[in-house]
Amino acid sequence: MCRECNDKENPLSRADYVSVDEMRNIQLTKLKKIVRHCYDNVPLTRLRMDEKGVKPEDIKTLEDMRFLPFMKKTDLRDEYPKGLFGVPMRDIVRFHCSSGTTGKPIVVGSTRGDLDVWIDGVVRSLVMDGITNEDILQVSYGYGLFTGGLGLHYGGEALGCAVVPTSGGNTDRQIMLMRDLGVTAIACTPSYFIHIMDEALKKGVDFRKETKLRHGIFGAEPWTDEIRAKIESVTGIEAHDIYGLTEVSGPGVASSCRCHSGLHVFEDHFYPEIINPDTLEPVPDGTWGELVFTTLDRFGTPMLRYRTRDITRIIPDRCDCGRTIRRIDRISARTDDMLIIRGVNVFPSQIEAGLMTVDKVLPHYHIYVDREGDLDTIEVKVEVTADALGDQIKSLELLRRTIAEAIKKIINISIKVTLVEPHSLPRSEGKMNRVTDNRKK
Amino acid sequence: MKIKQISLFLENKPGHLNAICRTLAKAGINIVTLSLADTQQFGIVRLIVEDWERGRDELEKAGHVVNVRDVVAATVNDVPGGMADLLDAVGAVGVNIEYMYAFSFRTNDKAILVFRFDDADKAIEALKRIGADILDASTLFSH
């Protein structure tokens, strides 16, 4: 058993502990209803179901889900802005957009009930983290079209936390308020927290002595266990993982509990499947593949079998915390992020894991992919830190070689490591983009 | 008897050394001497400045990563063989010189050398035995 893990008595978490049979019954009832809703109200879904010869009444068990068509991000783009909405505009109360790195963004509309479902997930995530109405929660996710800020904001308020809606940016003020208001929990992207951590250290602020911070709720980008360990050892806080995506609501689709072994999916709202991304067939629990979600009770922009492009697996056994809802493994890679270097699949998270095995390197780095002649090249620029800098060239050369070897050990490809001056790499206050692929230009 | 040297990481690019000099100039901190070690990609600049603490703070404020090390400044007779005598003395006690550089000014027919030894105390002892003059910060900056 792990740290104060069991909050079975908390009524907010009731659904986390229902029996598996009861959960499957809830899911099936909701599934039938949402499939009918989509068939009747979303023309694209109706068209695709008709093409496959599937009628809503054919869905008799949860396994029948495999007959349903998939939904992809490109569908949301093609149907921009409101083609996939399932209710009349009078029932929509909020829009959110997901950043469009290429072209148009995707738009999701929520009804009042959809927002309640989303916020239920956020509240249960916070409860899972050990956060209560005694906590002061600083929300340093961006507020606005991005779901991170408003999601944690309303979730925090619903739980009764005192919310400090700082949004992203103005790091000096973030640190000042954290200290002066006695903030106990912060929600932001892991990369932004590392930025806050660096700035605080630069100002000589000792997190352990000068702040009351105990929890970090981090999400919206893949991060590694090594980063988690680093954050925890520098600041003494407990780092929690919250997962979600705009297409199926926002943060609070899944969350780590205090056992920190995978993320529990709020599967009474978001039904998870893992598929083989090549054959599109579901795979057995425990097998790695692409994560797919069906929103069981969101009606504004309902999603049947939405392909997340995130790579994970369903962890087959029961968590030590006692929750019955299933777990997915930490998302360490997104199929979108995968780089193909000389025919080999490389994930930025693998490079990060390599970097973090080398002591003395704080995680400020950027990956540059290029092509020289017919050969793909990969260069990792790493900012030199005060710890790493000696007064001799040989120690820096050694550091450079050690990093290169550590990364090569993981990805089996030789890479170029370049040491650069501090603060010379791009910073982000929202989602971090750590890869520049010049081959695409 | 040791003096403080500050060293900084530097990318091997136009203007990067100047940025450091400008930062110190603006703060009114004089560079007494410096040495550069470089590779194709990057280098390390080592500086002896008056008021190293303020120098370090100003450079850190400007976003540089600064390292502080003890080095030894010794005078040497400005005659042929002057330096060889010094090196004999530290070599005899098995101390290794990690790097060294010279001061740009002379004083009374003596030159000043800055050493980074792997064992500074042992080297100082050996140098004193042959009568070399080891300078402390106040003597150094009074020149």
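Only a predicted model underlies this, so the values are computations on that prediction, with no experimental measurement involved. (Residues numbered from 1 in each chain as written. Chains lettered and ligands numbered in written order. Predicted model: local features only at pLDDT ≥ 70, side-chain atom pairs only at ≥ 80, totals over all residues. Heavy atoms only, no water.)

This part covers the overall build of chain A. Of regular secondary structure, chain A possesses 11 helices and 21 strands. For 441 residues, the compact-globule estimate of 2.2 N^0.38 gives 22 Å, and the C-alpha radius of gyration of chain A, at 22 Å, lies within 12% of that figure. Across its three principal axes, chain A shows a C-alpha extent of roughly 75 × 55 × 40 Å. Relative to its full complement of 441 residues, chain A shows a buried share of 58%. For chain A, the share of sequence-separated contacts (at least 6 apart) that also reach a separation of at least 24 residues comes to 66%. In chain A, 61 side chains carry a positive charge and 66 a negative one; their mean positions are 2 Å apart. (Helix = DSSP H or I, 4+ residues; strand = E, 2+ residues; numbered from the N terminus. Rg over C-alpha atoms; globule rule 2.2 N^0.38 Å. Buried < 20%, exposed > 50% of the residue type's maximum accessible area, 1.4 Å probe, protein only. Contact = heavy atoms within 4.5 Å. Lys, Arg positive; Asp, Glu negative; His and termini not counted. Charge placed at Lys NZ, Arg CZ, Asp CG, Glu CD.)

Looking now at the packing of helix 6 (residues 171–180) of chain A against helix 7 (residues 190–202) of chain A. Residues and elements named next belong to chain A. Relative orientation of the contacting elements helix 6 and helix 7 amounts to 80 degrees, with a least axis distance of 10 Å. One finds that helix 6 runs roughly perpendicular with respect to helix 7. Note on element contacts: helix 7 touches helix 6 through Tyr192, His195, Ile196, Glu199 and Ala200, opposite Thr171, Gln174, Ile175 and Met178. Residue composition of the contact of helix 6 with helix 7, by class: 5 nonpolar, 3 polar and 1 charged. (Axes fitted to C-alpha atoms, helices over the stretch in contact; angles between N-to-C directions. Parallel < 35°, antiparallel > 145°, perpendicular 65-115°, else oblique. Nonpolar A, V, L, I, M, F, W, Y, C, P; charged D, E, K, R; others polar.)

What follows is about the domain arrangement of chain B. Residues and elements named next belong to chain B. Domain boundaries assigned for chain B yield domain 1 (3–69) and domain 2 (70–142). When each unit is reduced to the centre of its C-alpha atoms, the spacing between domain 1 and domain 2 is 23 Å. Taken together, the 12 residues of domain 1 in the interface contact 16 residues of domain 2. Buried area between domain 1 and domain 2, summed over both chains or domains, comes out near 1,200 Å², and the portion from carbon and sulfur atoms is 60%. Counting the surface domain 1 buries against domain 2, the share from its top three residues, Ile3, Val32 and Arg69, is 47%. (Domains from an automatic or database assignment. Buried area = accessible area lost by both parts, 1.4 Å probe.)

Turning next to the environment of Ile106 of chain A. Residue and element names in this part refer to chain A. Take Ile106: it is sitting in strand 2 (residues 106–111). In this structure, the C-alpha to C-alpha distance between Ile106 and Arg77, residues 29 residues apart in sequence, is 5.5 Å. Those residues in contact with Ile106 that sit more than four places away from it in its chain are Lys73, Leu76, Arg77, His96, Cys97, Ser98 and Glu247.

Across the contact, 24 residues belong to chain B and 20 residues belong to chain A. Summed over the shared surface of chain B and chain A, the result is 4 residue pairs in polar contact (both at pLDDT 80 or more). With 6 residues, the top contributor of residues to the side of chain B that touches chain A is strand 1 (residues 3–11) of chain B. Per-class residue counts for the side of chain B that touches chain A are 9 nonpolar, 9 polar and 6 charged. (Polar contact = N/O pair within 3.5 Å; in protein donor to acceptor, adjacent residues only side chain to side chain.)

Quick look at the domain arrangement of chain A now. Partitioning chain A into structural domains gives domain 1 (11–17 + 108–334) and domain 2 (338–440). Between domain 1 of chain A and domain 2 of chain A, the C-alpha centre-to-centre distance is 27 Å.

With that settled, consider the sheet that holds strand 15 (residues 333–334) of chain A. All names here are of chain A. What the 4 strands build is an open sheet, ordered 10-11-12-15; its pairing is antiparallel. Whereas interior strands pair on both sides, the edge strands pair on one side only; in this sheet they are strand 10 (270–275) and strand 15. Pairing analysis gives 6 bridges linking strand 10 to strand 11 (residues 289–295), with the strands arranged antiparallel. Across the sheet, residue Pro272 finds its bridge partner in strand 11, namely Phe293. (Pairing = 2+ DSSP bridges.)

All names here are of chain A. Within strand 1 (residues 92–98), 5 of the 7 residues are buried, leaving the element largely enclosed by the surrounding structure. The pairing of strand 1 with strand 2 spans 6 bridges and is antiparallel. Looking at the pairing, Cys97 lines up with Val107 of strand 2.

Our focus in this paragraph is the sheet that holds strand 18 (residues 365–372) of chain A. All names here are of chain A. On the basis of which strands lie adjacent, the open sheet formed by 4 strands has the order 20-19-18-21 and mixed pairing. Only two strands of the sheet have a single neighbouring strand rather than two, namely strand 20 (416–420) and strand 21 (435–437). Strand after strand, the sheet turns through a mean of 20 degrees between neighbouring axes, direction not considered. When strand 18 meets strand 19 (residues 375–383), the two strands line up antiparallel, connected through 8 bridges. In the strand pairing of strand 19, Tyr365 is matched with Val382. Most of the contacts of helix 10 (residues 348–356) go to strand 18, to which it runs at about 125 degrees, and overall it touches strand 18, strand 19 and strand 21. Packed onto the sheet, helix 11 (residues 393–411) meets strand 19 and strand 20 and runs at close to 140 degrees relative to strand 20.

Residue and element names in this part refer to chain A. Summarising the element assignment, Ser140 is placed in the loop between strand 3 (136–139) and helix 5 (147–159). Given a relative accessible area of 1%, Ser140 falls into the buried group. At 2.8 Å, the side chain of Ser140 forms a polar contact with the side chain of Gln174. Beyond its immediate stretch of four places on either side in the chain, Ser140 contacts Thr166, Ser167, Gly168, Gln174, Ile186, Ala187, Cys188 and Tyr192.

Now for the pairing of strand 20 of chain A. All names here are of chain A. For strand 20, the tally of buried residues reaches 4 of 5 residues, placing the bulk of the element in the interior. Of the strand pairs in this sheet, strand 19 and strand 20 are connected by 5 bridges, and their pairing is parallel. Along strand 20, the bridge assignment pairs Val382 with Leu419. In the classification by handedness, the crossover that spans strand 19, the intervening helix 11 and the parallel strand 20 is right-handed. (Right-handed = clockwise from strand over helix to strand, strands pointing away.)

Moving on to helix 9 (residues 225–235) of chain A. Residues and elements named next belong to chain A. Listed in full, the buried residues belonging to helix 9 are Ile227, Arg228, Ile231, Glu232 and Thr235. One face of helix 9 carries all of its buried residues, which in axial projection span an arc of 130 degrees. Buried positions along helix 9 lie against helix 7, helix 8 (207–210), strand 6 (215–219), strand 7 (238–244) and helix 10. Positive backbone phi, at 75 degrees, marks Gly236, one or two positions downstream of helix 9. (Arc of directions from axis to C-beta.)

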